[in-house]
Amino acid sequence: MNTSDSLAVSRVRQIDAADAVRSSLVRQVRAAIQGVNGHRTVRRVLVDVEQRVDTADFLRSQAFETSVYWAGRGTDRSVAAVGAAEVLSGKSGAVDTDVLEDAIVARAQSLPDGARYYGGMRFDAFQATNNDYPDRGWESFGTYRFVLPRFELIQSGSEQHIVCNIVGPSDVKHIDEVVADVNRLLLPAKRQRSPGFPSPTGRTDVPARENWMSIIQGVLESISAGAVEKVVMARSATLSHDVDVDPYAVLQQLAPATPNCFHFSFDFGGDSTFVGASPERLFRQTNCTVYSEAVAGTRSRAQTTREDRALRDDLMTSDKDRREHAFVEDAIREMLAPLCTTLDSPNQRTEMKLSGGRHIWTRIEGTLNDDVSPVALLAALHPTPAVGGVPSERALETIREREGFDRGWYAGPVGWIGKDEAEFAVAIRSARIRGAQMALYSGAGIVRGSDPQEEWDEIEQKIGNFLSLVD
Ligand SMILES: C=C(O[C@@H]1C=C(C(=O)O)C=C[C@H]1O)C(=O)O
Ligand SMILES: [Mg+2]
C-alpha cells in the first residue's frame, strides 16, 4: 500500500464487525475453491453484514484499481463493487462485437446467480480509432470495459451483504492474493453526514454559446438539405474547483435527488471517474424477453400543479417533440424486429416525469429469437436516435465533425451482463470527474423546427441535475 492508501484507511471508521466479516470471507473462499479443477468455474461467496456500511465511503476508501457503482431504475438494490476478479476490455479501435461476444457471452454462461460483468463502452468507438483518444481523460475507460468485481457490497432494502467472486482455476492457483485482497477490504461505518463537495470557481462550455448557435444552424441546414433528419448534438460544461471533487460525494447527493433513474459510477484506476443519473434504459433482457424504450422530447417541471400540467400537455401535443420522439421509437422497432418473434408497445406514448424535467416515453417489449445475446442487442440498438440520429451513420459523422469534444462514455451503453440476463442504460445526464474538474454532459435532439437557443436551454435543464447540487 502506498501512503495515500494508508491515509484512506485512517480516514474511515471501520464497522465493529469488519474483522469477523473478513475472516468469514476467507474461510468461505478457502472452502469454495475445494473441488475446483482445471475447468473454468466461477464461485460466489457471500457474507451478511448487519451494521450498515456507507457505499460512498466504501468506494472512496479502498485501495483497489476498479470501483463500480450500479443501482437499477426504480429498485432499492445497489451494488458497490471494488477490485476485479476478471476484466474484459478493449483499449482502442472499434468495438469488435464478434470478439466481445466470444469473450463475454461464453463466460457469462458459467456465472452463478447474481454474478455480473459490469461495464460499458464509448459512445463512438470509431472516434477513438481515428484520433487516438482526443481527450486523455477517457483513456482508462477504453473503448469498452467489463469487470466481474472481486468484491460487491450489495444493499437491498434493509439487507446488506458482501460478496467475493472467485474465478477458477486461476484464482485457485493464486489463492494467497485473493486472501490478501480480502484482508485489505474496508468496511466503513455509515456516517451521519455526507462530506459534500466544493462549490465551483469557474465554468467552461464546449462549445461556447455562440459556437453552439452556429453549429446548430449548420445542422439545421443539413436537415433542410435532406442530408440528415435528426442529430442529437451534445455539449459539455466543465466546472472547476479549488480542490479535488469527490465523485462519491457527488453520487451520494445525486442519487436521492434523481429518483427513477439508473445511478452509476465507474473508475478504472485512471485519473477520472464517470458518474451519472440516467432516466433511459437501452434494454433489459431476461431469457427471451427484451424490454427497450424510446425516451425523447423534453419539457421542464413547474412549481404549481396547473403550470406543471400545462407543460405536460404542451409536450405531449408538440409536433416537434413528437417527431423527435418518433425517430427513436421507429428506429428501436426496426432494430429489434429482425431479432424478435413478437414486438409490441403495451403502453403507447406516456409521460416520463422526472425531478428535473419530463420526456415522452414509449415502452417496447419483444420476444427474442433463440440465441440472441446481449452483445447482439448492444450492437443492434446502440446508438439509438435518442443519442445519435437518423440516418445513424450520417448523424454520427455530423457529431464527429461538428460537436467539438470527445463524448467518451457519455451517451454510451452502461450496465451489466449476467447469465441469461442483462441490463443497459444510456449513459446520459452524466459527468466525468477528474481531479478538481467536473465535466457535465448532455445533448438535445435537433430536428426540423429546432431552435438553437431553446436546445441550449434544454441541455441546461438536463445538466441541472448536477448544477442544482452545487448551487
Ligand atoms: C441526449 C440526451 O437526452 C436525450 C434527448 C432528449 C431530447 O432532446 O428531448 C430527451 C431524452 C434523451 O433522448 C441527454 O440527456 O444527454
Ligand atoms: Mg429535445
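Residues numbered from 1 in each chain as written. Chains lettered and ligands numbered in written order. Predicted model: local features only at pLDDT ≥ 70, side-chain atom pairs only at ≥ 80, totals over all residues. Heavy atoms only, no water.

Where an unreviewed UniProt entry is consulted, the protein appears under the name Isochorismate synthase MenF, with the organism given as Longibacter salinarum. For the protein, the Catalytic activity (unreviewed entry) comment in UniProt is given as "chorismate = isochorismate". As recorded by UniProt, the Sequence similarities (unreviewed entry) comment attached to the protein reads in full: "Belongs to the isochorismate synthase family." (UniProt positions renumbered as here; feature names shortened; annotations may be inferred.)

Q: Please explain the site of ligand 1 as it appears in this structure.
A: For ligand 1, the set of nearby residues contains 18 residues, the closest of which are Val-295, Thr-298, Tyr-410, Arg-429 and Gly-443. Take Glu-458: an N or O atom from its side chain is 2.8 Å from an oxygen atom of ligand 1. Coverage of ligand 1 by the protein chains reaches 99% of its 390 Å² of free accessible surface. The cavity where ligand 1 resides is the largest cavity. Every element with two or more residues in the shell around ligand 1 is listed here: β12 (289-299), β20 (437-446) and α14 (452-470). (Near = heavy atom within 4 Å. Polar contact = N/O pair within 3.5 Å; in protein donor to acceptor, adjacent residues only side chain to side chain. Areas by Shrake-Rupley, 256 points an atom, 1.4 Å probe, with all protein chains shown as cover. 1 Å grid on protein atoms, 1.4 Å probe; cavity = no way out; pocket = protein on both sides within 12 Å on 5 of 7 lines; lining within 4 Å. Sits in = over half its atoms within 2 Å of the grid points. Helix = DSSP H or I, 4+ residues; strand = E, 2+ residues; numbered from the N terminus.)

Q: What is the right way to read empty space enclosed by the protein from this model?
A: Using the criterion set out here, one finds 2 cavities of 30 Å³ or more in the structure. Residue assignment for the lining of the largest cavity shows that the elements contributing at least two residues are β8 (230-240), β12, β20 and α14. Considering only residue class, the lining of the largest cavity consists of 8 nonpolar, 6 polar and 6 charged. Lining the second largest cavity, in full, are Thr-258, Pro-259, Cys-261, Leu-354, Ser-355, Gly-356, Gly-357, His-359, Arg-429, Gln-461, Lys-462 and Asn-465. For the lining of the second largest cavity, the elements supplying multiple residues, two or more each, are β15 (357-368) and α14. When its residues are assigned to classes, the lining of the second largest cavity shows 3 nonpolar, 7 polar and 2 charged. (Points joined across faces, edges and corners; volume = space filled by probe spheres on them. Nonpolar A, V, L, I, M, F, W, Y, C, P; charged D, E, K, R; others polar.)

Q: Where do I start with the environment of Ala-227 in this structure?
A: As for its position among the elements, Ala-227 is in the loop between α8 (209-224) and β8. For Ala-227 and Arg-394, which are 167 residues apart along the polypeptide, the C-alpha to C-alpha distance reads 7.7 Å. In contact with Ala-227, other than residues within four places in its own chain, are Ser-222, Pro-391 and Arg-394. (Contact = heavy atoms within 4.5 Å.)

Q: Even after reading the chapter, I still don't get the coordination of the magnesium ion (ligand 2), so can you show me in this structure?
A: In an ideal octahedron of six donors the angles at the metal are 90 or 180 degrees, and in an ideal tetrahedron of four donors they are 109.5 degrees. Distances from the magnesium ion (ligand 2) to its protein donors, namely Glu-324 (OE) and Glu-458 (OE), fall within the range 2.1 to 2.3 Å. With a gap of 134 residues between them, Glu-324 in helix α11 (residues 319-336) and Glu-458 in helix α14 connect regions that are remote in the sequence. There is no split in this pair, since Glu-324 and Glu-458 are both buried. (Donors = N, O, S within 2.8 Å, 3.2 Å for Na, K, Ca; no water. Buried < 20%, exposed > 50% of the residue type's maximum accessible area, 1.4 Å probe, protein only.)

Q: In this structure, what is going on with helix α2 (residues 18-32)? I would like to understand it.
A: Every α-helix carries 3.6 residues per turn, so stepping three or four residues along brings you back to the same face. In this model, α2 (15 residues) spans 21 Å end to end at C-alpha, consistent with the 21 Å of a helix rising 1.5 Å per residue. Where α2 is concerned, the buried positions are Ala-18, Val-21, Arg-22, Ser-24, Leu-25, Val-26, Val-29 and Ala-32. Buried residues along α2 sit against β1 (41-48), β5 (144-156), β6 (159-168) and α7 (175-183). (Expected span 1.5 Å × (residues − 1).)

Q: Help me understand the pattern of salt bridges, please; the structure alone is not making it clear to me.
A: Pairing between side chains of opposite charge can happen when their charged atoms approach one another. Counted by the stated rule, this structure contains 37 salt bridges. A salt bridge links Arg-284 to Glu-421; the nearest nitrogen and oxygen atoms lie 2.8 Å apart. Taken as a pair, Arg-284 in strand β11 (residues 281-286) and Glu-421 in strand β18 (residues 421-426) lie far apart in primary sequence, 137 residues in all. In this structure, the salt-bridge partner of Glu-423 is Arg-284, at a minimum N-O distance of 3.2 Å. (Salt bridge = Lys/Arg side-chain N within 4 Å of Asp/Glu carboxyl O.)

Q: What is the right way to read the confidence of the model for the protein from this model?
A: Keep in mind that low pLDDT regions are not for reading the predicted coordinates in detail. Mean pLDDT over the protein stands at 92; residues scoring 70 or higher make up 94%. Counted against residues more than four places away or in other chains, residues 1-10, with its pLDDT under 50, gives 7 contacts. The ipTM for the predicted assembly is 0.99, set against a pTM of 0.95. (pLDDT = per-residue confidence, 0-100.)

Q: Is there a simple way to think about the pairing of strand β10 (residues 272-278) in this case?
A: Two faces belong to every sheet, and in a regular strand the side chains alternate between them. The element β10 is extensively covered by neighbouring structure, given that 7 of its 7 residues are classed as buried. Relative to strand β19 (residues 430-434), β10 runs antiparallel, the two sharing 5 bridges. Bridged to Thr-273 within β19 is Ile-433. (Pairing = 2+ DSSP bridges.)

Q: Just checking my understanding: could you explain the packing of aromatic side chains for this structure?
A: Any two aromatic rings considered together are summarised by their centre-to-centre distance and by the angle between their planes. The full count for this structure, using the stated rule, is 18 aromatic pairs. Summarising the aromatic geometry, the rings of Trp-212 and Trp-456 are spaced 6.3 Å apart at their centres and angled 70 degrees between planes, so their arrangement reads as edge-to-face. Highlighted residues: Trp-212 in helix α8 and Trp-456 in helix α14, separated in sequence by 244 residues. There is no split in this pair, since Trp-212 and Trp-456 are both buried. What links up through ring pairs into an aromatic cluster is the set Trp-138, Phe-141, Phe-264, Phe-266, Phe-268, Phe-274, Phe-405, Trp-409, Tyr-410 and Tyr-441. Between Arg-235 and the ring centre of Trp-456, over which it is positioned, the NZ or CZ distance is 3.5 Å. Between Arg-432 and the ring centre of Trp-138, over which it is positioned, the NZ or CZ distance is 5.0 Å. (Phe/Tyr/Trp six-rings, centres within 6.5 Å; stacked < 30°, edge-to-face > 60°. Lys NZ or Arg CZ within 6 Å of the ring centre and 35° of its normal.)

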